[in-house]
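Each chain is listed here by its residues.
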Amino acid sequence: MSSPLPAFTFLSDRHREVTDRLHARAADYSQRGRAPSRRALEAYLAATYDLLCAPPGATVDEHEFGAWLCLVVFKADDAPTDELAAFLARPAGAPATTELAAAHDDLLSALAAAGRDTAALRSSLHTMVECMLAERTLDRASLDESHYWRLRHHTVGGPAYVAVWAALRDLSFPPSARPQQGRADRLASALLSLTNDLASLARDDASAARGEPDDLNLVRLRTRRDGSRPAALARTLAEVRDTAGAFTAACDALTAAGLAAYAELLRALVRGNLAALEHLEPLRYAGARALLEPVHAALAP
């Protein structure tokens, strides 16, 4: 089977294969009138993120599940507000009537059929959609950073991605390790959020200039609060450095506690996200590389 849009830049034959598999699934979910090129782009973006963010030693089937999760995140992020509300209000067992619900239900069903525990993933996706819906109705003028972080921890998609790979790898945690796990999770999500906000800054600025809905972006929030873009950037880059140091220490603590596989999952996600943002710069993140150079230094081993 040939890839849907050969003009895409593939990192490997596996990247192409996972894109093709996901494109077939995306075609199943797409509503009438949705452009085939958009389905192909969704598949490529989701496969790119997973190929770069997955933990070491992933099989092609595991990659398909990971990319499938990324597809669900993209569909939630793109869904109209009323579809997010309908997703949350849908009774258990009710048939899927939207792309988001169909992709979500099929992913969970396929994981369950493969003998994987889906409880944590189901909960994480529900919380993610709740936070995405809350983000749509926020008063940006009164938004503070504590509220930003409460929502962004989930809307960035990191907890859901970790949950799908924890299910695939059957990772579990003794109660004594929960505090260490929670701290490492929060720091990973913070790094994903900070990095993504830097990468998407030019795109978010352009969207705001066109009068389009304002995505949550910490640099833009700080610029509005402080009145200075250079100061907002400097503060955010300093936070990247501090958070990266704390994240490294948290992963080392997980490894020392016998949870090396989970620590490696988080490290792969954070570093892979940075690589994905740079790879996708021509498609989604204009000017990202220059802003992300300090992040490389902060995440260097």
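Residues numbered from 1 in each chain as written. Predicted model: local features only at pLDDT ≥ 70, side-chain atom pairs only at ≥ 80, totals over all residues. Heavy atoms only, no water.

## Topic: empty space enclosed by the protein
Here is the rule: A cavity, in this analysis, means grid points on a 1 Å lattice covering only the protein atoms where a 1.4 Å probe fits yet has no way out; a pocket is instead an open set bounded by protein on both sides within 12 Å along at least five of seven lines, and a residue lines either one if it has an atom within 4 Å of a point. Grid points are joined across faces, edges and corners, and a volume is the space filled by probe spheres set on the points.
If you walk through the whole model with that rule in mind, you get 1 cavity of 30 Å³ or more. Computed from the structure, the largest cavity encloses a volume of approximately 30 Å³. As for the largest cavity, its lining consists of Arg140, Leu143, Asp214, Asp215, Leu216, Asn217, Arg220, Leu221 and Arg224.

## Focus on the pattern of salt bridges
Inclusion rule: Only one rule defines a salt bridge in this text: a Lys or Arg side-chain nitrogen within 4 Å of an Asp or Glu carboxyl oxygen. The numbering of helices and of strands both runs from the N terminus, where a helix is a DSSP run of H or I of at least 4 residues and a strand a run of E of at least 2. Residue burial is assigned from relative accessible area. The probe radius is 1.4 Å, only protein chains are included, and a residue is buried under 20% of its type maximum, exposed over 50%, and partly exposed in between.
Counted by the stated rule, this structure contains 19 salt bridges. Two residues, Glu62 and Arg169, come together in a salt bridge whose shortest N-O distance is 3.0 Å. Residue Glu62 is found in helix α3 (residues 60-78), and its partner Arg169 is found in the loop between α8 (158-168) and α9 (178-199); the two are separated by 107 residues along the sequence. Since its relative accessible area comes to 30%, Arg169 is described here as partly exposed. Taking the shortest distance from any N to any O, the salt bridge between Arg267 and Glu264 comes out at 3.9 Å.

## Details of the side chain of Ser189
The condition that has to hold: Whether two residues are in contact is decided by their heavy atoms: any pair within 4.5 Å suffices.
Secondary-structure assignment places Ser189 in helix α9. Not counting the four nearest positions on each side in its chain, Ser189 is found in contact with His153, Val156 and Pro159.

## As for the layout of surface pockets
Any empty space left between atoms is shown by rolling a water-sized probe over those atoms. Test applied: Here the nonpolar group is Ala, Val, Leu, Ile, Met, Phe, Trp, Tyr, Cys and Pro; Asp, Glu, Lys and Arg are the charged ones; every other residue, Gly included, is treated as polar.
Estimated volume of the largest pocket: approximately 1,100 Å³. In this structure, the largest pocket is lined by 38 residues; those nearest its centre are Asp77, Thr155, Arg203, Asp215 and Arg284. At 6 residues, the largest contribution of residues to the lining of the largest pocket is made by α3. Along the lines of polarity and charge, the residues of the lining of the largest pocket split into 16 nonpolar, 8 polar and 14 charged. Its boundaries defined by the atoms lining it, the second largest pocket holds a volume of some 500 Å³. What lines the second largest pocket is a set of 28 residues, and nearest its centre among them are Ala120, Ala163, Ala166, Leu171 and Phe173. Among the secondary structure elements, those contributing two or more residues to the lining of the second largest pocket are α6 (119-136), α8, α9 and α13 (260-279).

## Points about the nonpolar core
Operational definition: Nonpolar cores are built from buried Ala, Val, Leu, Ile, Met, Phe, Trp, Tyr and Cys residues. Side-chain atoms within 4.5 Å join them into one set.
Ranked by internal contacts, the top residues of the largest apolar core, which has 96 residues, are Tyr49, Leu69, Leu121 and Leu266. No other element matches the 11 residues that α3 contributes to this core. Once residues within four sequence positions are removed from consideration, Tyr49 is found in contact with Cys70, Phe74, Asn273, Ala276, Leu277, Leu280 and Tyr285.

## Quick notes on unusual backbone geometry
Residues other than glycine seldom take positive phi values, yet Asp170 does so here, at roughly 55 degrees. Mapped onto the secondary structure, Asp170 falls in the loop between α8 and α9. Given the relative accessible area of 60%, Asp170 is considered exposed.

## With respect to the packing of α13 against helix α15 (residues 288-299)
Test applied: Here an axis means a line fitted to C-alpha atoms, over the contact stretch when the element is a helix, while the angle between two N-to-C directions is reported on a 0 to 180 degree scale. In what follows, roughly perpendicular refers to angles from 65 to 115 degrees, roughly parallel to angles under 35, roughly antiparallel to angles over 145, and oblique to any angle outside these ranges. In this scheme, a crossing is called left-handed if the near helix is turned counterclockwise away from the far one by less than a right angle; it is called right-handed if the turn is clockwise.
Packing of α13 against α15 brings their axes to within 11 Å, and their N-to-C directions diverge by 160 degrees. Regarding the angle of α13 to α15, the classification is roughly antiparallel. The element α13 and its partner α15 pack so that their crossing is left-handed. Residue-level inspection shows Val270, Arg271, Leu274, Leu277, Glu278 and His279 of α13 in contact with α15, the latter providing Arg289, Leu292, Val295, His296 and Leu299.

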